[in-house]
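Summary of the model geometry
Each chain, letter by letter, is given below.
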Amino acid sequence: MFGANHIDEILFVVCYGNEQHHGRGIAKIQLNHPSGELQLVDFLSMAEKPGAVICLGKQLWVSFLHVQDL
């Protein structure tokens, strides 16, 4: 599907967390092709629920859902 070449990709995943708000934030994950291995590179914990992420160069732009106080 992806070919025999070794390719590493970086993905950013929005994590809503559980009912106690643990695990809420943005996960930076490395995807290894063709093995399909995933590795957590970094995690940015957030108090508010992230909605979407846009990566532009070295900057992340994040929208939030249900922001209570700014």
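Throughout what follows, the structure given in this document is the object of discussion.

The rules behind the values
Residues numbered from 1 in each chain as written. Predicted model: local features only at pLDDT ≥ 70, side-chain atom pairs only at ≥ 80, totals over all residues. Heavy atoms only, no water. Helix = DSSP H or I, 4+ residues; strand = E, 2+ residues; numbered from the N terminus. Contact = heavy atoms within 4.5 Å. Areas by Shrake-Rupley, 256 points an atom, 1.4 Å probe, with all protein chains shown as cover. Pairing = 2+ DSSP bridges. Patch = residues over 30% accessible without salt bridge, like charges linked within 9 Å, V, L, I, M, F, W, Y side chains within 5 Å. Salt bridge = Lys/Arg side-chain N within 4 Å of Asp/Glu carboxyl O. Buried < 20%, exposed > 50% of the residue type's maximum accessible area, 1.4 Å probe, protein only.

1. Describing the overall build of the protein chain
Scanning the protein chain for helices and strands turns up 0 helices and 5 strands. Put simply, of all contacts in the protein chain between residues at least 6 apart along the chain, 28% involve residues at least 24 apart. Accessible surface, the protein chain as shown: approximately 5500 Å² in total, 56% of it carbon and sulfur.

2. Focus on the pairing of strand β3 (residues 37-45)
Direction of pairing for strand β2 (residues 24-33) relative to β3: antiparallel, over a ladder of 8 bridges. Its bridge partner lying in β3, A27 is registered against F43. Two successive antiparallel strands, β2 and β3, enclose a turn made up of 3 residues, where G36 displays a positive phi of approximately 80 degrees.

3. Regarding a nonpolar patch on the surface
A surface patch of nonpolar side chains, amounting to about 240 Å² of accessible area, comprises L11, V13 and L38. If you trace the backbone, L11 turns up in strand β1 (residues 7-16). Classification of L11 as partly exposed rests on a relative accessible area of 32%.

4. As for the pairing of strand β5 (residues 59-65)
Looking at chain direction, strand β4 (residues 49-56) and β5 are connected through 7 bridges and run antiparallel. Bridging from a neighbouring strand, C55 pairs with L60 of β5. Between β4 and β5, which pair antiparallel and follow one another directly, the connecting turn spans 2 residues, one of which, G57, has a positive phi of 65 degrees.

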